[in-house]
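# Descriptive analysis of the structure
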Amino acid sequence: MLIESFITTLISTLLSPWGLSLAALGALLGIILGALPGVSSTMALAILLPLSFSMDAHLAILFLLCVFVASVYGGSISAILINIPGTPGAIVTQLDGHPMAKAGKAREALTYALIASTVGGAFGLGLLVITAPLLANVAMSFRSPEFAAVAVFGLVLLAYASPGTTVRGLLVGAIGLICGMVGFDTLTDVPRFTFDTSALQGGIELVPLCVGLFGLGEVLKHLHASNQTAPAISMAATQRTRLKVRTLIKSWKSMLRGSLIGAFVGAIPAAGSAIAVAIAYAQEVRFSKHPEQFGQGAIEGVVAPEAANSSSIGGTLIPMMTLGVPGDAITAVLMGSLLIHGLRPGPMLFSENPEFVSSIYAGFLIALLLTLIIGILLMRWLPLILRIPSHILLIGIALLCVVGAYAIRNSMADVYIMLFFGALGYLLHLLSLPSAPLAFGLILGPLLEENLRRSLILGRGSWDIFLHSPIAMGLFALSAFAIALPLLAPLWVRLKSDIQRFKTPF
Amino acid sequence: MTISTFRSTAALRDMACGVFFCGFSLIGLSSVTNSTALMDSLNQGLDPGPALLPLVTLGLMLIGGSLIMAKGLWRWVQYIKHSRQSMRPAYSETCAKPSKKSSLNISQHLHAAALLASLAILPSVIQWLGFLPAVVAMALPWLVWLGYRRTHRITQATLFGCLISSLLCLTLYLIFITLLDVPL
């Protein structure tokens, strides 16, 4: 049934000129924004999110998936051409991609990256299609205590993987939790944290928070450095050259290894693409017969991380679609779009909206194909895109954030909330605190509170109800371990060195 | 950055983080405790009430913030001790001399604050002047200033700023007002 629905959605989208042109626009914007240094995939998605509100839910997710998938490839463009990764996931691609560009093989490197990206993305999609329904089936048996534990575990894991210390990440996540409680309580209608203002009575929506935090916050961060010019690339760098197809085919093993690593690492909440590409690159160096070539323009050094980067997209969508836990900051923004269309990701999405699930799969596939086509067509113009002065981009994005935040509900309150979170994002940057856990807290807060209270009602006010659920207890234990790990790790290292010293004869 | 500067910066950052978390939790706690409806909901029947999770979260945040602040204070004391022992000027003395780095930071914050302020007044200006003139009035000075910082050519920056701000505003107008029917 899912396959039937998938094929029907795929064909109807491909035959719809409006849907197809919207998807193509998304892919084009994704590649351009992803290629520009300072604009991450999260930022690209956050600033284009308000454009999707007036669209039908299927078209909105298609548009955003195209932006998402294309911006992931886009990140590798600046990494290869100017040695500055456009997105965190492209951080490793530059190690071998840029030396290739310097050796006059820029177009080759870009093409290898694009093809590896498509193959990796397809692999990630395959894993998503296979595992998501199975996981959703398992999650269907979850009750309130398990969901409360999933929310706690997700929050801890997401804070754990954020840069900086776990405790600080958790505290930022706690701010997100509190932000999720602003407004009227759903069960008792008691106002919380409204400070007697009507602007806060409606609560804080995920979208103005994401637009402010990941859009305006990033603009404020980069505004001062906008006078710095990126190194200019000549148009000749990406002109048509002879592509060695045989070399590309030879690197199929690297592509497959990268895809495997990316998909599985991406599926771990909070692990993200940056970790996946680092592991993929390290594995390639290990498996290579010529490890000395890495860092000097090895094709495997471009292909494997790019495949991992793209396949992690499918992986990050797995926890989001099956458990309602965002895999990373990008999927948190994507969740905002689903929520605004009245669709709550989680196991119920598979039973209540199977046609929407298949439209996500179809949208993903279309996004991959369009990224490949537009990526090839756009290749010769890439140096021109990289010449766009950053200050124009930053002011444009700032205006888009304001107008977009207003467009969500035609409310001034959303604009001021967006501005507040933009300022908060800048403050968090100054304090070296991660900003993504704030969004995770806002998403997981209502899930945690609702299920915690429901569990306690079911347990007649007793916390013992959690003890009777092995899954919940397992997840709580894992959360406690994740929190304690950074505290225990130095002690373990000290203990090991003490033992070593004790064993060493005088 | 020398080890000494790094230590003082880390200590100050820890203290600032502590103040941030403690301040946020205290504001939140005062909001919860001042609401009689919320406080009355505690221990009423089987539902733990809408005040339980906020109180637990804010309490934990207060403890975490205090610990980070204490860590920052400890680091600060260690730094002062170290700088006295090594006969180096204390942080207050080095702070008195304006460095290139601190002037850069101030300029960075000023840019951010000015953009934030101009965006905050933009909705009111849109209501007063209308969408197109208000957005041009906001974007133009910024584009001219940032363009000038980049090229150091005022005429080029002004002409380019006029062109780009008009294009930006027209694009936003077409997308949001014409296409998406946003009542701006």
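Read on for an overview of the structure. (Residues numbered from 1 in each chain as written. Chains lettered and ligands numbered in written order. Predicted model: local features only at pLDDT ≥ 70, side-chain atom pairs only at ≥ 80, totals over all residues. Heavy atoms only, no water.)

Let's shift gears to the overall build of chain A. On a plain count of helices and strands, chain A comes out with 22 helices and two strands. With respect to the three principal axes, the spread of C-alpha positions in chain A is 75 × 70 × 50 Å. Expressed as a percentage of the 506 residues in chain A, the buried residues total 60%. The long-range share in chain A, meaning contacts at least 24 apart out of those at least 6 apart in sequence, stands at 78%. For chain A, the computed accessible surface area is about 19,800 Å², with 68% contributed by carbon and sulfur atoms. Where the 27 positive side-chain charges of chain A centre and where its 22 negative ones centre are 15 Å apart. (Helix = DSSP H or I, 4+ residues; strand = E, 2+ residues; numbered from the N terminus. Buried < 20%, exposed > 50% of the residue type's maximum accessible area, 1.4 Å probe, protein only. Contact = heavy atoms within 4.5 Å. Areas by Shrake-Rupley, 256 points an atom, 1.4 Å probe, with all protein chains shown as cover. Lys, Arg positive; Asp, Glu negative; His and termini not counted. Charge placed at Lys NZ, Arg CZ, Asp CG, Glu CD.)

Right, let's get into the pattern of salt bridges. Residues and elements named next belong to chain A. The full count for this structure, using the stated rule, is nine salt bridges over all chains. Residue glutamate 218 pairs with lysine 221 through a salt bridge whose shortest N-O separation is 2.8 Å. With glutamate 218 and lysine 221 both in helix α9 (residues 206–222) and three residues apart, the pair spans about one turn of that helix. Looking at lysine 221, the relative accessible area reads 24%, which means it is partly exposed. In this structure, arginine 257 engages glutamate 284 in a salt bridge whose closest nitrogen and oxygen atoms are separated by 2.8 Å. On the criterion of sequence distance, the pair formed by arginine 257 in helix α11 (residues 252–267) and glutamate 284 in helix α12 (residues 272–287) is long-range, its members being 27 residues apart. Under the relative-accessibility criterion, arginine 257 is labelled partly exposed at 24%. Among the residues examined, glutamate 284 registers a relative accessible area of 2% and is labelled buried. By sharing partners, the salt bridges in this structure join Asp185, Arg192, Glu449 and Arg453 into a single network. (Salt bridge = Lys/Arg side-chain N within 4 Å of Asp/Glu carboxyl O.)

On to the packing of helix α4 (residues 57–82) of chain A against helix α14 (residues 329–340) of chain A. Packed helix pairs are characterised by how far apart their axes lie and by the angle those axes make with each other. Residues and elements named next belong to chain A. The geometry of α4 relative to α14 is characterised by a closest axis approach of 10 Å and an angle of 165 degrees between their N-to-C directions. Here α4 is positioned roughly antiparallel relative to α14, judged by the angle of their axes. When you trace α4 past α14, the crossing you get is right-handed. When α4 is examined against α14, the residues Ala60, Ile61, Leu64, Leu65 and Phe68 are found in contact with a partner set consisting of Ile330, Thr331, Leu334, Ser337 and Leu338. (Axes fitted to C-alpha atoms, helices over the stretch in contact; angles between N-to-C directions. Parallel < 35°, antiparallel > 145°, perpendicular 65-115°, else oblique. Left-handed = near helix turned anticlockwise from the far one by under 90°.)

What follows covers the interface of chain A and chain B. Taken together, the contacts link 66 residues of chain A with 63 residues of chain B. For the pair chain A and chain B, the summed buried surface comes to about 5,700 Å²; carbon and sulfur atoms form 79% of the total. On the chain A side of the contact with chain B, Arg168, His224 and Leu399 of chain A bury the most area, a combined 12% of that side's loss. Counting the contacts that link chain A with chain B gives one salt bridge. For aspartate 14 of chain B, the salt bridge identified is with arginine 168 of chain A, shortest N-O distance 2.7 Å. Taken together, chain A and chain B are joined by seven residue pairs in polar contact (both at pLDDT 80 or more). At the level of elements, α8 (166–181), β2 (191–192), α9, α18 (390–409), α19 (412–430) and α20 (436–458) of chain A are the ones that each hand at least two residues to the side of chain A that touches chain B. In terms of residue count, α18 of chain A provides more of the side of chain A that touches chain B than any other element does, 13 residues in total. When the residues that make up the side of chain A that touches chain B are grouped by side-chain class, the tally is 44 nonpolar, 15 polar and seven charged. (Buried area = accessible area lost by both parts, 1.4 Å probe. Polar contact = N/O pair within 3.5 Å; in protein donor to acceptor, adjacent residues only side chain to side chain. Nonpolar A, V, L, I, M, F, W, Y, C, P; charged D, E, K, R; others polar.)

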